[in-house]
Amino acid sequence: MLLHPFVIGEKYRRPQLLEFLGSKQQMSGVLWGNIQPGYLICTSGGRHGKQAGYKDEALADGSWWYFGQGKQGDQLLKNAANARLASENLVILLFTTREPTAKEVAQQGGYGKLMRFEGCFCVTGYEHFVPIEGPRKGDRLIRFRLVQVDTEQATLSWADETQEEGNLYSLREMLNKHIKELPEKSVGTREFWRRSREIRRYALRRANGICEACGEPAPFKDQAGLPFLEVHHLHRLADSGPDKPGNVAAICPNCHRRAHLSFDRASFNKTLEEKVWAAESKILADSSRGGTSNQVNDYDLARDLSAPSSV
Ligand SMILES: [Zn+2]
Ligand SMILES: [Zn+2]
C-alpha cells in the first residue's frame, strides 16, 4: 500500500522531495529522511552522460539499471546510500532530472532543475559494472536493478493464482529456494511478478480464508468464489515482490488499512508478525512430522525467529 503525493509524469523541485522525506541532504542523488523511513528517493540524469562510460537506463521490460553512489574509485556497498539501495526492503521513488530549457528558465524566473516522477520501484538485486571508457574507466561500479511496483500488474486480481497446483509445503520450499538466490542475481520485471504471485499464493494458502490479523473469516468472496484477503508485507511499504514466507500475512482489507494507516500500526504489525511466526513454526513442525511427502527445505526459520527485525 503506497502512500505518497507524487504523480507519474509530473515534475517536482528538490525542496518538495526533501520536505516529503524530512531530509536535509543537499547534494546527494539518493535521499532519505526520518518522516518517511520506508522510502528512498533516487534521482537520475545529469550525473552520467554517455561520455562517462556508464549511465542509468530504462530497460525494455520497464525495469531500470540505477548506478550507486561514490564519485571516485570503486563503489562500495558500505556507502550509506548504496547500503540502503541494497537493503531491498525500501521503496524507491524514482525521479529523472534534466537541465531546464531557456524558455523554462525565463518562465520560472530562475534556473532550477525539474524532477520528473517515474514511479515506485523495488530493488531486485545488483551487479558490478566496470566502464571500459570515460573518467570512471576501470572502476568497479555498482548498478542496482529496479522493478516498478505501481503498475497495473500490482492491482490485478490474484484469484486465479490461488487455484494453481502445489501444496503449502512445496510452495514454501520454492520460495525459500528463490530467497537464497537473492541478491547476487538481479531479477527482471517478469520474474519479479512471478515470484510476487508465488508469495501471495503461499500466504493465501496459509491463511486459508481467515484473516491472519483479526482471526475473522474473509469479509466476502471474490469473483472466483474464493475468500478475499490481501497480502501484506511486514517489512516493506510495497505489498509486492519476492519475500520470505515469514514476512507476509494474508489479512482482511480492514486490518490491512490498520497495518498501514493506524496510529498504532507499529505494535499492530509486531503482533501480526508474531502470529505469522507461530503459523510458520507450526507448518515447519507439521512438515517435519511427515505432514508432507516433500522434504521441506527451511531457509533458516530458527535464525529469523530469534532475531525479529522491527517494522
Ligand atoms: Zn482482519
Ligand atoms: Zn500492506
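The rules behind the values
- Residues numbered from 1 in each chain as written.
- Chains lettered and ligands numbered in written order.
- Predicted model: local features only at pLDDT ≥ 70, side-chain atom pairs only at ≥ 80, totals over all residues.
- Heavy atoms only, no water.
- Buried < 20%, exposed > 50% of the residue type's maximum accessible area, 1.4 Å probe, protein only.
- Helix = DSSP H or I, 4+ residues; strand = E, 2+ residues; numbered from the N terminus.
- Arc of directions from axis to C-beta.
- Contact = heavy atoms within 4.5 Å.
- Pairing = 2+ DSSP bridges.
- Donors = N, O, S within 2.8 Å, 3.2 Å for Na, K, Ca; no water.
- Tetrahedral: all angles 85-135°; square planar, octahedral: opposite > 155°, others 65-115°.

An unreviewed UniProt entry lists the chain under the name 5-methylcytosine-specific restriction protein A, with Paucimonas lemoignei as the source organism.

Caption draft 1: Local environment of helix 1 (residues 14-21). Among all positions of helix 1, only R14, L17, L18, F20 and L21 are buried. Down the axis of helix 1, the buried side of the element spans an arc of 160°, and every buried residue falls inside it. Helix 1 presents P15 and E19 as exposed residues on the side facing more than 90 degrees away from its buried surface. The inward-facing, buried residues of helix 1 abut strand 1 (11-12), strand 2 (30-31), strand 3 (39-44), strand 6 (91-98) and strand 7 (114-129).

Caption draft 2: Expanded view of the pairing of strand 10 (residues 248-251). Burial of the side chains of strand 10 extends over both faces: V248 and A250 are buried on one face and A249 and I251 on the other. Of the pairings in the sheet, the one linking strand 9 (residues 230-233) to strand 10 comprises 4 bridges and is antiparallel in character. Bridge pairing links E230 to I251 in strand 10.

Caption draft 3: Seen up close, the environment of F268. If you trace the backbone, F268 turns up in helix 8 (residues 265-291). The class of F268 is buried, set by a relative accessible area of 12%.

Caption draft 4: Layout of the coordination of the zinc ion (ligand 1). Those donors, C211 (SG), C214 (SG), C252 (SG) and C255 (SG), are the protein atoms that reach the zinc ion (ligand 1), and they lie 2.3 to 2.4 Å from it. Coordination geometry of the zinc ion (ligand 1): the 4 donor atoms subtend angles of 102 to 121° at the metal centre, consistent with an arrangement described as tetrahedral. In the primary structure, the donors to the zinc ion (ligand 1) are separated according to the pattern C-x2-C-x37-C-x2-C. Taken together, the positions of C211 in the loop between helix 6 (189-207) and strand 9 and C255 in helix 7 (residues 253-261) put the pair 44 residues apart, joining distant regions of the chain.

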